[in-house]
Amino acid sequence: MKPDLFQAPDYYQLDDLLNEEHKLVRDSARAWVKREVSPIIEEYAQKAEFPKQIVKGLAEIGGFGPYIPVEYGGAGLDQISYGLIMQEIERGDSGVRSTSSVQSSLVMYPIWKYGNEEQRMKYLPKLATGEFIGCFGLTEPDHGSNPGGMTTNFKDMGDHYLLNGAKMWISNAPFADIAVVWAKNEEGRIHGLIVERGMEGFTTPETHNKWSLRASATGELIFDNVKVPKENLLPNKSGLGAPLGCLDSARYGIAWGAIGAAMDCYDTALRYAKERIQFDKPIGATQLQQKKLAEMITEITKAQLLTWRLGVLRNEGRATSAQISMAKRNNVDMAIHIAREARQMLGGMGITGEYSIMRHMMNLESVITYEGTHDIHLLITGMDITGLNAFK
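- Per an unreviewed UniProt entry, the protein carries the name glutaryl-CoA dehydrogenase (ETF) and comes from Flavobacterium jejuense.
- Per UniProt, the protein carries the Cofactor (unreviewed entry) text "FAD".

1. Focus: the layout of surface pockets
Then step 1. Within this model, the largest pocket holds a volume of roughly 1300 Å³.
Then step 2. Along the walls of the largest pocket sit 40 residues, with Thr 139, Gly 144, Tyr 370, Glu 371 and Gly 372 positioned nearest its centre.
Then step 3. Contributions of two or more residues to the lining of the largest pocket are made by helix H5 (94-114), strand S3 (160-171), helix H7 (241-275), helix H9 (321-345) and helix H11 (374-386).
Then step 4. Among the elements that line the lining of the largest pocket, the one with the most residues is H7, at 5 residues.
Then step 5. By volume, the second largest pocket is sized at about 560 Å³.
Then step 6. Taken together, 25 residues make up the lining of the second largest pocket; nearest its centre are Lys 2, Pro 3, Glu 354, Tyr 355 and Ser 356.
Then step 7. Elements supplying a minimum of two residues to the lining of the second largest pocket: helix H2 (41-46), helix H4 (79-92) and H7.
Then step 8. Looking at the lining of the second largest pocket, the element that brings in the most residues is H7, giving 6 residues.

2. Considering the UniProt feature "domain: Acyl-CoA dehydrogenase/oxidase C-terminal" (unreviewed entry) in the protein
Then step 1. Here, UniProt's "domain: Acyl-CoA dehydrogenase/oxidase C-terminal" (unreviewed entry) annotation points to residues 238-383.
Then step 2. A helix fraction of 75% and a strand fraction of 3% characterise residues 238-383, whose end C-alpha atoms lie 23 Å from each other.

3. Points about the packing of H7 against H9
For any two helices packed against each other, one specifies the crossing angle of their axes together with the interaxial distance.
Then step 1. Where H7 meets H9, the axes come as close as 8 Å, and the angle between the chain directions of the two elements is 20°. Classified by the angle between their axes, H7 and H9 sit roughly parallel to one another. Between H7 and H9 lies a crossing whose hand is left-handed.

4. A word on the pairing of strand S1 (residues 134-137)
Then step 1. On S1, burial covers both faces: Gly 134 and Phe 136 on one face and Cys 135 and Gly 137 on the other are all buried.
Then step 2. The pairing of S1 with strand S4 (residues 178-184) spans 4 bridges and is classified as parallel. Within S4, the residue paired with Gly 134 across the bridge is Ile 178.

5. Points about the nonpolar core
Soluble globular proteins: nonpolar side chains tend toward being buried together.
Then step 1. If you look at the biggest cluster of nonpolar residues, it comprises 63 residues, and the most contacted ones within it are Ile 111, Leu 124, Leu 127 and Trp 182.
Then step 2. Among the elements that take part in this core, H5 stands out by supplying 9 residues, more than any other.
Then step 3. Excluding residues within four positions of it along the chain, Ile 111 makes contact with Gln 119, Arg 120, Tyr 123, Leu 124, Leu 127, Ile 178, Val 180, Ile 194 and Leu 234.
Then step 4. Ranked by size, the runner-up nonpolar core spans 35 residues in total, among them Tyr 272, Ile 283, Leu 293 and Ala 303.

6. Let's talk about unusual backbone geometry
Then step 1. Located in the positive-phi region is Asn 209, a residue other than glycine, with phi close to 65°.
Then step 2. Structurally, Asn 209 can be placed in the loop between strand S6 (202-203) and strand S7 (218-229).
Then step 3. On the basis of relative accessibility, which here comes to 77%, the residue Asn 209 falls in the exposed class.
Then step 4. Not every positive phi belongs to a glycine, and Asn 225 is a case in point at roughly 55°.
Then step 5. Topologically, Asn 225 is positioned in strand S7.

7. A short note on the state of the cysteines
Then step 1. Overall, the coordinates contain 0 disulfides when judged by the stated rule.
Then step 2. Looking at Cys 246, it has no disulfide partner, and the nearest cysteine sulfur is the one in Cys 135, 13 Å off.
Then step 3. Since its relative accessible area comes to 0%, Cys 246 is described here as buried.

8. Description of the pattern of salt bridges
Then step 1. Tallying each qualifying case throughout the model produces 21 salt bridges.
Then step 2. Two residues, Arg 359 and Asp 93, come together in a salt bridge whose shortest N-O distance is 2.7 Å. Pair noted here: Arg 359 is in helix H10 (residues 357-367) and Asp 93 is in the loop between H4 and H5, with a separation of 266 residues, a long-range link.
Then step 3. A residue is classified by how much of its surface remains accessible, and Arg 359, at 8% relative accessible area, is buried.

9. As for helix H1 (residues 20-37)
Helical geometry: 3.6 residues make up each α-helical turn, so side chains three or four residues apart lie on a common side.
Then step 1. Over its 18 residues, H1 extends 25 Å from the first C-alpha to the last, a length consistent with the 26 Å expected when each residue adds 1.5 Å.
Then step 2. Restricting attention to buried positions, one finds in H1 the residues His 22, Lys 23, Val 25, Arg 26, Ala 29, Arg 30, Trp 32, Val 33 and Val 37.
Then step 3. Here H1 starts with a cap whose side-chain oxygen sits 3.0 Å from the backbone nitrogen of Glu 21, and that cap is Asn 19.

10. Points about the UniProt feature "domain: Acyl-CoA oxidase/dehydrogenase middle" (unreviewed entry) in the protein
Then step 1. Mapped onto this numbering, the UniProt entry annotates "domain: Acyl-CoA oxidase/dehydrogenase middle" (unreviewed entry) at residues 135-226.
Then step 2. Between the C-alpha atoms that bound residues 135-226 the distance is 17 Å, and the span itself is 0% helix and 48% strand.

11. So, the pairing of S3
Then step 1. Across 4 bridges, strand S2 (residues 153-156) lies against S3 in antiparallel orientation. Residue pairing in the sheet places Lys 155 in a bridge with Leu 162 of S3.
Then step 2. The antiparallel hairpin formed by S2 and S3 contains 3 residues in its connecting segment, where Gly 158 sits at a positive phi of about 100°.
Then step 3. Pairing of S3 with S7 involves 9 bridges; the strand directions are antiparallel. Paired with His 160 across the bridge in S7 is Pro 229.

12. Here we look at the side chain of Ser 171
Then step 1. Looking at the element boundaries, Ser 171 is found in strand S3.
Then step 2. For Ser 171, a relative accessible area of 12% corresponds to the buried category.
Then step 3. Here Ser 171 is in contact with Ser 98, Val 102, Cys 135, Ser 216, Ala 217 and Thr 218, once residues within four sequence places are set aside.

Analysis parameters
Residues numbered from 1 in each chain as written. Predicted model: local features only at pLDDT ≥ 70, side-chain atom pairs only at ≥ 80, totals over all residues. Heavy atoms only, no water. UniProt positions renumbered as here; feature names shortened; annotations may be inferred. 1 Å grid on protein atoms, 1.4 Å probe; cavity = no way out; pocket = protein on both sides within 12 Å on 5 of 7 lines; lining within 4 Å. Points joined across faces, edges and corners; volume = space filled by probe spheres on them. Helix = DSSP H or I, 4+ residues; strand = E, 2+ residues; numbered from the N terminus. Axes fitted to C-alpha atoms, helices over the stretch in contact; angles between N-to-C directions. Parallel < 35°, antiparallel > 145°, perpendicular 65-115°, else oblique. Left-handed = near helix turned anticlockwise from the far one by under 90°. Buried < 20%, exposed > 50% of the residue type's maximum accessible area, 1.4 Å probe, protein only. Pairing = 2+ DSSP bridges. Core = buried A, V, L, I, M, F, W, Y, C linked by side-chain atoms within 4.5 Å. Contact = heavy atoms within 4.5 Å. Disulfide = S-S within 2.5 Å. Salt bridge = Lys/Arg side-chain N within 4 Å of Asp/Glu carboxyl O. Expected span 1.5 Å × (residues − 1). Polar contact = N/O pair within 3.5 Å; in protein donor to acceptor, adjacent residues only side chain to side chain.

So this is what it looks like as structure tokens:
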């Protein structure tokens, strides 16, 4: 078990843009990742298992709904604090960040924003402490980038709703206590429903044989005539804009998280370049390796500035969905390129579990696809700047 020697790069002194609360939140999350995640994550990734024992710690560092108001069990933090927590968690592992951001942005967020007071008080405090783990059901076997085509549906049976359909590629599904599920009513309008484990006809088979996000639990949600109480319908927003609003929050968290993965790959490659001797000198003394490292720190710095500004806009309620898409697409693309370059710098050692780089690289292959693929986010930007819809 190697010690976690990570040192975060801050080439443009971005810490000067953070307040004391931001830095305290970030440093607490960073210390927790070093202590609780780094020593075990390679083992859990190798055996394709989520380390459930870290759930309590995730809750304690604000990993579950940090921006949710205190009265509902959240920490009441701002959007930059939320982003910094995601950055530090993903520096440890993208799969662990997935568990955290799904709970925060795709489960707690819709209950807080679209639910009623009874639903908020019933679910949010338990989600904030990790007593409950949630998941988010939008993607279907035949509807990924086109979620509006979903076929999962519910019918009004008088005293309850009857839910049928299936969702797939669902993080946290195998052990989730509740699922926020998006389905069409009899008029074809999309609504959110809170489905609880134990409801008859609701099953969550696990997805196996993944080469990516191996330390994250992924599964399906199957609904076979599930009776959902009427009080479990989220009443305050419907239509496709409701789940997409959740995805805005999650994509924002990913934009920060990807920086964490990139930082870890860069820091590992930088340290290795100073220590690895070839032809009687460190490989870091060669022009080609310095070029790689210089480009890495440049791209990380650009992503940090982009995402910090986005956080300010989020705090002010001025960030657009298209701006969030740009940051998600740019930062994940940046991170995956840095992971690949860093892997090459380590040579054969780069593919082993002794270093984190190959695990980050495999994880980022999922992150660049989920919650809006690389190409879909490009089209979102294209539509925003031209006013023309290229999706249809």
